[in-house]
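Chain by chain, the residues run as shown.
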Amino acid sequence: MIEIKNLGFSYKKNHIVLDDITLNLKAGYINGLLGKNGVGKTTLIRLISGLLFPESGQIRVGNNTPSERKLEFLEDVFFLNEDLVQTSLTINKYLALNKVFYPKFSMEEFNSYMEEFEIKDFSQRIDKLSYGTKKKVFIAFGLATNAKLILLDEPTNGLDIPSKSSFRKIIQKSMNDEKCIIISTHQARDLQNILDNIIILDDTKLLLNATSEEITKKLWFGISDKMATQEPILYQEDTIAGLAVVKQNTLNKESNLDVELLFNAAFSNKNLIKDLFDNNIK
């Protein structure tokens, strides 16, 4: 659904943000976009949405080039910025003015998502809501657009624990084989059970692009006894449960992906991660 070839972008001549990024993303996947602060996650999302223009390379979303901002593209993409829209409109008025731009908007789905978030009064002014409640309104609206491309920048920031659980439920409920969702986040543990694909950016480059299934085939995540561990460990940290480790899955054992451990292991062993997953960086 998304084809990015040799993408380059910088805000200043001596400040390259993205350099020669090539990335293919399929429909039907929820993608987690990870990286350290300032590495270009939000910039990449803005380029995919057409809000920024590439300096080099190209981006295609379906049959469209985002920078051309054609109507057929705009009505099928929704971008939720971490810096929320500031408006004094009520929820009802915001809906009336904005849902018309999305032909597949579902009021029934919006009501369902708002019910899951426990927001009942649509006569409230959005600027009078707490940051977390505002975010829930815009998340519900974005998913109800039924746009094929949903771009979410730090969606769980500002949400309490029950709301994060509700977010995971409605993301999975809204997903289908025609949609592509990209979630840029620092809150890896909030989302790891719903992510189908992991993208990691590092120092202007792409470090990893692999499905959760591919990752757990090549890496093993779990708790190991320090004395019993014989295989080389990519990363380890002490936890209450014991020694949490990531190691190469040479014995083809099953394990559950731990996105936070993966992130730490990737930056501790960049060359090995690139060697293991290089075929997925296209």
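Our subject is the structure that appears above.
Scoring rules and cut-offs
Residues numbered from 1 in each chain as written. Predicted model: local features only at pLDDT ≥ 70, side-chain atom pairs only at ≥ 80, totals over all residues. Heavy atoms only, no water. Pairing = 2+ DSSP bridges. Helix = DSSP H or I, 4+ residues; strand = E, 2+ residues; numbered from the N terminus. Axes fitted to C-alpha atoms, helices over the stretch in contact; angles between N-to-C directions. Contact = heavy atoms within 4.5 Å. Salt bridge = Lys/Arg side-chain N within 4 Å of Asp/Glu carboxyl O. Buried < 20%, exposed > 50% of the residue type's maximum accessible area, 1.4 Å probe, protein only. Phe/Tyr/Trp six-rings, centres within 6.5 Å; stacked < 30°, edge-to-face > 60°.

For the rest of this paragraph, the subject is the sheet that holds strand E12 (residues 242-248). Read from one edge to the other, the open sheet built from three strands follows the order E10-E12-E11, with strand pairing classed as antiparallel. For this open sheet the edge positions go to strand E10 (219-224) and strand E11 (233-239), each flanked by a neighbour on one side alone. Direction aside, neighbouring strands of the sheet carry axes that sit 15° apart on average. Across the sheet, helix H9 (residues 259-268) touches E10, E11 and E12, and the angle it forms with E11 is around 135°. Strands E10, E11 and E12 of the sheet are contacted by helix H10 (residues 270-277), whose axis makes an angle of about 130° with E10.

Attention now goes to the pattern of salt bridges. As enumerated under the stated definition, the model contains nine salt bridges in all. For the salt bridge of Asp 76 with Lys 104, the shortest nitrogen-to-oxygen distance reads 2.8 Å. Note that Asp 76 is positioned in the loop between helix H2 (71-74) and strand E5 (77-80) and Lys 104 in the loop between helix H3 (91-98) and helix H4 (107-116), a separation of 28 residues in sequence. Take Asp 76: its relative accessible area is 18%, and that puts it in the buried class. Close ionic contact of Asp 202 with Lys 270 constitutes a salt bridge, the shortest N to O distance being 3.0 Å. Of this pair, Asp 202 sits in strand E8 (residues 197-202) while Lys 270 sits in helix H10, placing them 68 residues apart in sequence.

In this section: the packing of aromatic side chains. All told, the structure shown has 10 aromatic pairs when counted by the stated rule. For the pair Tyr 94 and Phe 141, a centre-to-centre distance of 5.3 Å together with 70° between the ring planes defines the contact as edge-to-face. Of this pair, Tyr 94 sits in helix H3 while Phe 141 sits in helix H5 (residues 131-144), and the two are 47 residues apart along the sequence. With relative accessibility at 11%, the residue Tyr 94 sits in the buried group. Seen in terms of ring centroids, Phe 110 and Phe 122 are 5.6 Å apart; in terms of plane orientation they differ by 65°. Their pairing is edge-to-face. Of this pair, Phe 110 sits in helix H4 while Phe 122 sits in the loop between H4 and H5, and the two are 12 residues apart along the sequence. Judged by relative accessible area, Phe 122 falls into the buried class, the value being 13%. Following the ring pairs from residue to residue traces out a cluster consisting of Phe 78, Tyr 94, Tyr 102, Phe 105, Phe 110, Phe 122, Phe 138 and Phe 141.

The quantities given are spatial measurements derived from coordinates; they are silent on function.
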